[in-house]
Amino acid sequence: MSRRLAASALLSFCFTLPAMAAEKAGHDHGPAEHVSELDGVRIIHAWTRATTGAEALIFFEIENRAGKPVSLTGGESDLGAPVALVGMTFKDGVAENVALPAVPVKDGGDLHLEPEGLALRIGGLTQPLAEGDVIEVEVAFDIGHVDVDVEVEAEDATGHSHAGHAH
């Protein structure tokens, strides 16, 4: 009986150890999913900045392994509307986000939505976004929609706080 109890305790410890190691290494992601997938199209590390205003920009990486080209068209969110694909441009030396048509991603290609480049913009936010929150956004492609967890980073963040590790 005591051998069985000891074996059970050892087995339990062995299953707990990898989770403890991941947490110590800073890779315990909490409630947010870092990868969302739709028919071979992966969205990785979606994030936005904390806000006090009525809009937010969402950034992420897209990997297209669908076996065909796809197009990012926009999105939807219960937090505000519309969710539009935008790109940064400069007008009279001032940065401005302008709405874009669908952006293609070739098969085997990647697309990065990042500050001072492409982003999804949620307009008309119904509440401010606080650092540490996780919001859900439905990202739209010409092949369908996929729900994505978006982590809210600091107001001055320049990237996803967990970016750089493999998925």
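Higher on the page you've got the structure.
Read on for an overview of the structure. (Residues numbered from 1 in each chain as written. Predicted model: local features only at pLDDT ≥ 70, side-chain atom pairs only at ≥ 80, totals over all residues. Heavy atoms only, no water.)

**So, the side chain of Thr48**
Our working rule: Note on conventions: DSSP H or I runs of at least 4 residues are helices, E runs of at least 2 residues are strands, and numbering of each starts at the N terminus. The rule is simple: take the accessible area with a 1.4 Å probe, protein chains only, and divide by the maximum for that residue type; under 20% is buried, over 50% is exposed, in between is partly exposed. Within 3.5 Å is the distance limit for a polar contact, defined as a pair of N or O atoms, with the added protein rule that one can donate a hydrogen and the other accept it, and that residues adjacent in sequence qualify only through two side-chain atoms. Contact between two residues is taken to exist if any of their heavy atoms lie within 4.5 Å; hydrogens are not considered.
As for its placement among the helices and strands, Thr48 is situated in strand 2 (residues 41-49). For Thr48, a relative accessible area of 0% translates into the label buried. At 2.6 Å, the side chain of Thr48 forms a polar contact with the backbone oxygen of Leu57. In this structure Thr48 touches Ala56, Leu57, Ile58, Leu129, Val150, Glu151, Val152 and Glu153, once residues within four positions along its chain are discounted.

**So, unusual backbone geometry**
Residue Pro82 is bonded to the preceding Ala81 through a cis peptide linkage, with omega at -5°. Despite not being glycine, His45 shows a phi value in the positive range, around 55°. Its place among the elements puts His45 in strand 2. Within the chain, Asp92 stands out as a residue other than glycine whose phi angle is a positive 55°. Residue placement: Asp92 occurs in the loop between strand 5 (83-91) and strand 6 (94-99). For Asp92, a relative accessible area of 76% gives the class exposed.

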